[in-house]
Amino acid sequence: MSGPSKFQPTHPVLKWFEARLPILSLLYDSFVSYPTPRNLNFLWTFGAILSFLLMIQIVTGIILVMHYTANADLAFASIEQMMRDVNYGWLLRYAHANGSALFFFAVYIHMFRGMYYGSYKEPREVLWIIGVIIYLLMMATGFLGYVLPWGQMSYWAATVITNLFSAVPIVGETLVTWLWGGYSVGNPTLTRFFSLHYLLPFVIVAFVVLHVWALHVVGQNNPAGVEPKSDEDTVPFTPYATFKDLFFFSAFMLLFCWFLFYLPNYLGHADNYIPANPSVTPAHIVPEWYYLPFYAILRAIPNKLAGVIALFASILILAFLPWLDTSKVKSGRYRPLFKIFFWIWIATCIVLGWLGAMPAEGGYVIASRILTAWYFLHFIVVLPVIGMIEKPLPVPDSITEDHIGGHKKKAGAVAALVALAALVGLSVSSEPARASSEQPKPPQQTWTFAGPFGTFDRAQLQRGFQVYREVCSACHGLSLMSFRNLAEPGGPGFTTAQAAAVAAEAKVKDGPNDQGEMFERPGRLADRFQSPYPNPQAAAAAFNGAAPPDLSVMAKARTYERGFPTFLFDILTQYQENGVDYMVALLGGYEDPPADFKLPDGSNYNKYFPGHAVAMPPPLADGVVAYTDGSPQTLNQYAKDVAAFLMWTAEPHLEARKRLGFQTMIFLLVLTGLLYFTKKKIWHDVEHPTEAAPGQDPKATKI
Amino acid sequence: MTNPSLPAEPTRRDFLYIATGAVGAIGGAFVLVPLIAQMNPNASTIAAGAPIEVDLAPIAEGQVIKVTWRGKPIFISHRTKQEVEQAQSVKMSQLPDPQTDQDRTKPGHEQWLVVVGICTHLGCIPIAKSGDYGGWFCPCHGSQYDDSGRIRQGPAPANLPIPPYRFVSDSKIEIG
Ligand code: FES
């Protein structure tokens, strides 16, 4: 990387500019002529993938801020408005939310790759430590961002995580109050989190620049773990690495878009579609999946302060990895003993993640403790010791020898993956019989809007609206919906005149008028649906303290436990109908309580309601709504229709999302295919050097 | 291909590179669509821009009121007979943006002038019943409009625009 730049401009303007600010040569040397080892496998493309993902997060994030309101009373509604009314708002917000999850997914692969191939070892220690700092910044950014929608999970995540600092001796309480800007998580907390969430990504960018800088000083590691010795060992970054990166990024986008368009809420928590409520904690509060292993470590330790220390230590220990690993051989490929322990450690992390999502009781706690101990032992004992006792396999002399020598070591990696899968499967199948067995699973219904090409059944939505109007609306609001939505494309397909007639029947409070008085007028298309109660307190007062919830996003705010391995298959089958299936089950799930069940006063027994005692009396019965289209007037039909209607109110752009998803997937498949062949062509001469004309430098190929 | 001694034949490789580049560029262009479209007015803003009704009965002769439609001030001027006559008698040659008063009012309702109250120079709101022409005076850079809302003097290039409106009855208009 030293010596004169390979960039020698001939154009006088470029020369003039270059003499004053040599940024072009810097970029050229960094991203064009930069020598990169020729034997890098696809795992090395995750650095580039992460850079692209960071860009996506920043661009979508800046746009979300244009529509978001950082105020405890308005945040939730502003995000819902973005999802409903802003052009492509749903797309941008889902891209940001799923982008963060995939960002973590990619960063874990990037980190595990570094750990397996010893990328943290001399001379790359600083490079690695900068990476650990970036990871810490990402965790902070992800957490802060998760708070912004101000749903139930946001609020309680903010509460739990900030309370970690209360474990600090003496100043803990003061510190937490300072973090909150109040006596509990509230509006000041939200606004400062918002500010920091906007700031930190740019700090990450700065550290990424340092990361890339350090990388370009010491050069990339490679699967063989030997440093480049001759020009033959490397190829120029462009076009070789560029097109490899682009191909794998495009392939990664296929995965991204699968979630973005077909499973946008799969990686999130249903509870976050319930607006924040400081007086009720959700029954089961868990962090996002990418924090779960650390959450398990926190809960494994019975002492508050020690738990918090263990949590932070489990991340910070990564920074000491360059000195904990005593082996001189970099690549895990040539370290038979290390390889085994590496995969055991990966399995430990995954199982810890699973334990983090389980309730903190019984066998789960014991398992968490054992694995937490192993997590640390791996770093403190296993790595230093095996480095000393292990007898490494012969390491190739050069990168070229490794590259041309073929890839016969694949079998080992496959075996390790199989072992890992088996281990995970075993640990999960030994799951103790859960108390949830008394909670029956809602039967899965067939829905027209399920699957990649799903569309709403207009007639069903119209019937569902009728059920809502005649039954549900007596107690439940639909405050995020406007009358105009009824006539918008992708919905129940009412005409504008029909929607206007529905609006005109509503009494809307308006004003103040010129006399300063509020007045009532008939609703217009632009008005929101009117809630049956003026405020949640009035609703609660009318129902013995249990206010009937607003139904606008109910279909996304309810779910049920899918269980292992079903929840993994759901990714392939695109199952997103948890909410509606639950609703149908609930509406038809009223029964006489079993003899040994003590039903609290004023509640009703429902088979499918968690805990079984539900305040809502059975709302539907056969024949209560008179359909005009000849559909069966049964409770089950009413339940299905109203659930479908509420799916539409929760996700009014569902049809547009799936349609755009299909177009995007087709496009990405074409692009990925083209990039694959382009990459293959570019690499052809490097991968098959014997076919190159004698005396011709294979690397001279340019596009 | 950097070697000039090789024959320059359009190969399958060239085609592949061009195709890949083109598809990538098309994809990039499509990505820009949502990024740009999101800044346009959202659906609730558009819905809130629906027509409004204004009752003219309380507006006295000689009075100018201001109502808001789509976030813009709309001036409704109930002109006196004298003002109407004056507005109708102006010679077209005196107007930078020639337009008759008849073109700016509805037949049979000449006493009512409805204009968008935004100066056509750079968007300030002119002050009613001031300036040398009995109409509006813009305090920002001194544009003057007559009592038909036509530009007479100053940097503004055009008359105050007339919003779409109609008379629902003799004393009620619908703007929008
Ligand atoms: S804005 Fe009215 S004169 Fe410039």
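What counts and what doesn't
Residues numbered from 1 in each chain as written. Chains lettered and ligands numbered in written order. Predicted model: local features only at pLDDT ≥ 70, side-chain atom pairs only at ≥ 80, totals over all residues. Heavy atoms only, no water. Contact = heavy atoms within 4.5 Å. Buried area = accessible area lost by both parts, 1.4 Å probe. Polar contact = N/O pair within 3.5 Å; in protein donor to acceptor, adjacent residues only side chain to side chain. Helix = DSSP H or I, 4+ residues; strand = E, 2+ residues; numbered from the N terminus. Nonpolar A, V, L, I, M, F, W, Y, C, P; charged D, E, K, R; others polar. Axes fitted to C-alpha atoms, helices over the stretch in contact; angles between N-to-C directions. Parallel < 35°, antiparallel > 145°, perpendicular 65-115°, else oblique. Left-handed = near helix turned anticlockwise from the far one by under 90°. Disulfide = S-S within 2.5 Å. Buried < 20%, exposed > 50% of the residue type's maximum accessible area, 1.4 Å probe, protein only. Phe/Tyr/Trp six-rings, centres within 6.5 Å; stacked < 30°, edge-to-face > 60°. pLDDT = per-residue confidence, 0-100.

A look at the interface of chain A and chain B
Now for step 1: With 26 residues of chain A at the interface, the matching set in chain B holds 22 residues.
Now for step 2: Regarding the contact of chain A and chain B, the summed buried area is about 2100 Å², with carbon and sulfur atoms giving 70% of it.
Now for step 3: The interface formed by chain A and chain B contains five residue pairs in polar contact (both at pLDDT 80 or more).
Now for step 4: Those elements that place two or more of their residues in the side of chain A that touches chain B are α3 (46-67), α5 (89-116) and α25 (654-687) of chain A.
Now for step 5: For the side of chain A that touches chain B, the leading source of residues is α25(A), giving nine residues.
Now for step 6: For the side of chain A that touches chain B, the class distribution of residues is 17 nonpolar, five polar and four charged.

Comments concerning the packing of helix α11 (residues 292-300) of chain A against helix α15 (residues 362-389) of chain A
All names here are of chain A.
Now for step 1: Running from N to C, α11 and α15 cross one another at 110 degrees; their axes reach a closest spacing of 9 Å. Comparing the axis directions of α11 and α15 gives the class roughly perpendicular. For α11 against α15, the interelement crossing comes out left-handed. For the pair α11 and α15, contact is made by Phe294, Ala296, Ile297 and Ala300 and by Ser368, Arg369, Thr372, Tyr375 and Phe376, respectively.
Now for step 2: Considered class by class, the residues forming the contact of α11 with α15 number six nonpolar, two polar and one charged.

As for the state of the cysteines
By definition, a disulfide is the covalent link that joins the sulfur atoms of two cysteine residues.
Residues and elements named next belong to chain B.
Now for step 1: Counted according to the given criterion, the structure contains one disulfide over all chains.
Now for step 2: Here cysteine 124 connects covalently by a disulfide to cysteine 140, the sulfurs 2.0 Å from one another. Across the S-S bond of cysteine 124 and cysteine 140 the torsion is about -90 degrees, and the bridge reads as left-handed. Taken together, the positions of cysteine 124 in the loop between β4 (112-116) and β5 (127-128) and cysteine 140 in the loop between β6 (134-137) and β7 (144-146) put the pair 16 residues apart, joining distant regions of the chain.

Description of the side chain of Gln220(A)
All names here are of chain A.
Now for step 1: By the secondary structure assignment, glutamine 220 is in the loop between α9 (187-218) and β2 (234-236).
Now for step 2: Classification of glutamine 220 as buried rests on a relative accessible area of 12%.
Now for step 3: Polar contacts involving the side chain of glutamine 220 include one to the side chain of threonine 36, which spans 3.1 Å.
Now for step 4: Aside from chain neighbours lying at most four places away, what touches glutamine 220 is Tyr34, Thr36, Pro37, Leu40, Trp44, Arg124 and Leu215.

Observations regarding the packing of aromatic side chains
Residues and elements named next belong to chain A.
Now for step 1: One pass over the full model with this rule turns up 58 aromatic pairs over all chains.
Now for step 2: Relative to tryptophan 345, the ring of phenylalanine 112 has its centre 5.8 Å away and its plane inclined at 90 degrees; by these criteria the two rings are edge-to-face. One end of the pair, phenylalanine 112, is in helix α5; the other, tryptophan 345, is in helix α14 (residues 336-357), and 233 residues separate them in sequence.
Now for step 3: Phenylalanine 112 sits in the partly exposed class, given a relative accessible area of 24%.
Now for step 4: By way of ring pairs, the aromatic residues Phe104, Tyr108, Phe112, Tyr135, Trp289, Tyr290, Tyr291, Phe294, Trp345, Tyr375, Phe376 and Phe379 are connected into one cluster.

Thoughts on the confidence of the model for chain B
Interpretation of the predicted coordinates at a detailed level should be avoided for regions scoring low in pLDDT.
Residues and elements named next belong to chain B.
Now for step 1: On average, residues of chain B score 90 in pLDDT, and 94% of them are at 70 or above.
Now for step 2: Taken element by element, the predicted model of chain B shows its lowest mean pLDDT in helix α2 (residues 43-48) (89) and its highest in β4 (95).
Now for step 3: Residue range residues 1-5 is modelled with pLDDT below 50. Its contacts to residues more than four positions away, or to other chains, number four contacts.
Now for step 4: Here the predicted complex scores 0.91 on pTM and 0.86 on ipTM.

Considerations on the side chain of Ser331(A)
Residue and element names in this part refer to chain A.
Now for step 1: Topologically, serine 331 is positioned in the loop between α13 (321-324) and α14.
Now for step 2: There is a polar contact of 2.7 Å between the side chain of serine 331 and the backbone oxygen of proline 223.
Now for step 3: Not counting chain neighbours up to four residues away, the residues in contact with serine 331 comprise Tyr116, Tyr117, Pro223, Ala224 and Gly225.

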